[in-house]
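Chain by chain, the residues:
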Amino acid sequence: MRERPAVQAGGARLTIEAVSHAFAIRGAALPVLDRVSLTVKPGGFVALLGPSGCGKSTLLRLVAGLEPPDQGAIAIDGDPVEGPDPSRLLVFQDPTLYPWRTVRANVALGLEAQGVGRGRASRADAALHLVGLDGFAEVYPHQLSGGMAQRVALARALVNEPRLLLLDEPLGKLDALTRLAMQAEILRLWQEKRFTALLVTHDVEEALVLAERVIVLGDRPAAIRAELPVPAPYPRHRDDPAIVRLRREILNILGQQT
Amino acid sequence: MSGSITAGLAPRAAAPTRGWAHPPWRILIAGAAWLALAGVTLGLPEADDLPETTTFGAGAAVLGLALLVLAPVAGRLGTVGQRVRHWSPWLAVLALAFLAWEAATAKIALLPMPFFPPPQAIVEVFRDDWPRLGGSIVASLVLLAGGYTIGAATGFALGVAIGASRAVGYWAHPVLRFVGPLPPTAWLPLAFFVFPSSWSASTFLVALATGFPVTVLTWSGVAGVNKAYFDVARTLGASRSFLILRVAIPAALPHVFVGLFMGLGASFVVLVVAEMLGVKAGLGWYLQWAQGWAAYANMYAALIVMALMCSSLITLLFRVRDRLLAWQKGLVQW
């Protein structure tokens, strides 16, 4: 693993340059990303918005280093991404907690994988406190509700103090009320920890409530259709006139006349 | 016990009855059945001279009296009392079965005598021949433990290796497919002249019988691990050994235990056949020996002991599984 600076300088700068990617399905190439370029400044919050299955999640997998892009370059603070690294973490739509581990052991997974010996349990407990799950350390995942499981997944990422958090529709499977609560939670964590955040979602309001900038992707192969800064201050309200106006504009771009 | 669907649907068993308010009929009937067995055994004349009739009859009487004494206080004995209540219908049926057996053999000699010995003849075997019977259990257990451990460990390691490495899979898969389905007993003649002793040959055969299901199920467990588990671990900085030891193996453990269970069943088959045909010790050998001497009571005694041994070993395996897989929901109760 590469040596990381001893003091974390907040969020990372993410640069994506002309990335194209295709899946091989039965020998035929199915293009999913078409020359996508974007930059996220350190500590920024950008949302990628687009229809389901347009290749947004693929872009996050490439940034996470789980797969190399077919074309183009991805760099963190100028260094090209060559593989997965705990400073760049992905939170999936499914919490994918390990059912055989307690909540605490799930959260400590990254520390364990990186060979951090000392203070693993206390750091895991601190991360659980951060997401409001004190007292659940000894519980097994099948005893948790969907929202709680997703909080554990957040804690599992945050305990590693990532500089870039990739959120792949993390709230997609939650009920409406839990979803609102979790949006507030993600916002609070981002403001507190100052990591760079890249959120993939197909919920226009979610993107507008959370992100400083919303990038609208077209259908497959996904290319950037529009980039809209969200000038409203946090915490934002759904009925804020600026948000309402942006929402209408985005739905127009996506072809959903209102 | 509580693994059936009915456990959830049937109305809860009534709370233990207290005092004389509700006479504990179940336990009283069970006690009466055992006393009836004692009466028939001790009271009726016998067609033959059987030395242990008194022991058997007295045993039945003691159990019957104990149940009658226990009946009124069972409600106050906590788990012991509840257990007696739970099993008393079984105890009653068991006593009636013994009674029918006793009557049909020792009393009216309905069934031909050497092939169908009365229950007291089996009691006699346990009393007179226990050193040989005990030695056979030990011999069987030693052989089984050796072969099963080797087979399970090899099968587990091979299964993980096939699941984790393409190269190992390439070479091992065809061999496994071709040789695996062969019944391990088919190797018997070959094993007995290839191996230096019948004991090592039998160990090999037991290991083979255990190894095949353990390998296949471990492999399928590792192959079936949710790919997202690996993605999570990889982004968190996991090495390849971490992915195998801390992700693939724990995720595959439920499958591994199915393999260990199937392997244990297969190993019993091979154990008994190997002992019957080559090894001069163990319960399989004892069965063969008893049959050779027309000592049918000994044969039945050995069968009972064998059933107890196999059942206990499976129970033990399930206990280990329950401890290791406590995180799983809806485990089958053995």
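Every residue gets a number counted from 1 within its own chain, in the order that chain's sequence is written. Chain letters and ligand numbers both follow the written order, the letters beginning at A and the numbers at 1. Local features in a predicted model are, by the rule used here, given only for residues with pLDDT of at least 70; side-chain atom pairs are given and counted only at 80 or more, and totals for whole chains, interfaces and linings are based on all residues.

What follows concerns the overall build of chain B. Helix and strand assignments come from DSSP, with helices taken as H or I runs of at least 4 residues and strands as E runs of at least 2, each series counted from the N terminus. Helix and strand counts for chain B stand at 13 helices and zero strands. Listing every helix and strand of chain B by position from the N terminus yields α-α-α-α-α-α-α-α-α-α-α-α-α. Seen through its C-alpha atoms, chain B measures out along the principal axes to roughly 75 × 55 × 25 Å. Partly exposed residues are those whose C-beta has more than 12 but fewer than 20 other C-beta atoms within 10 Å; with 20 or more the residue is buried, with 12 or fewer it is exposed, and the C-beta atoms are placed from the backbone. Residue burial in chain B is summarised as follows: out of 334 residues, 37% are buried. Contact between residues is assigned whenever the C-beta positions, reconstructed from backbone atoms, fall within 7 Å. Restricting to contacts in chain B with at least 6 residues of sequence separation, those with at least 24 account for 75%.

Taken together, the contact between chain B and chain A spans 14 residues of the former and 21 residues of the latter. No other element matches the seven residues that helix α10 (residues 227–235) of chain B contributes to the side of chain B that touches chain A. Under the scheme applied here, ten amino acids are nonpolar (Ala, Val, Leu, Ile, Met, Phe, Trp, Tyr, Cys and Pro), four are charged (Asp, Glu, Lys and Arg), and all others, including Gly, are polar. Of the residues belonging to the side of chain B that touches chain A, the class tally is nine nonpolar, two polar and three charged.

Now for the domain arrangement of chain A. One frequent convention defines the size of an interface as the accessible area lost when the parts assemble. Residue and element names in this part refer to chain A. These domain limits were set by an automatic method or by a database of domain assignments. Each domain of chain A was delimited in the assignment, giving domain 1 (13–87 + 166–258) and domain 2 (98–161). A C-alpha centroid distance of 25 Å is found between domain 1 and domain 2. Between domain 1 and domain 2, the contact holds nine residues from the first and nine residues from the second. Classifying every residue of the side of domain 1 that touches domain 2 by side-chain character gives five nonpolar, one polar and three charged.

Residue and element names in this part refer to chain A. For two strands to count as paired, DSSP must find a minimum of two bridges between them. Across the sheet, which stays open at both edges, the six strands sit in the order β6-β7-β8-β3-β9-β10 with mixed pairing between neighbours. This sheet does not close on itself; its edge strands, each paired only once, are β6 (88–91) and β10 (224–229). Geometrically, the sheet is characterised by an average inter-axis angle of 15° between neighbouring strands, direction not taken into account. As paired strands, strand β3 (residues 45–49) and strand β9 (residues 213–217) are joined by four bridges and run parallel to one another. Each residue of the ladder has a partner; that of Val46, found in β9, is Arg213. Fitted lines through C-alpha atoms serve as axes, helices being fitted only where they are in contact, and the angles separating the N-to-C directions of these axes extend from 0 to 180 degrees.

Along any regular strand, the residues point their side chains to alternate faces of the sheet. All names here are of chain A. Taken across its five residues, β9 has four buried, putting it largely inside the fold. As defined by bridge partners, β9 adjoins β10 across five bridges and the pair is classed as antiparallel. Following the sheet pairing, Leu217 is matched in β10 by Ile224. Where β9 folds back on β10, the antiparallel hairpin that results is connected by six residues.

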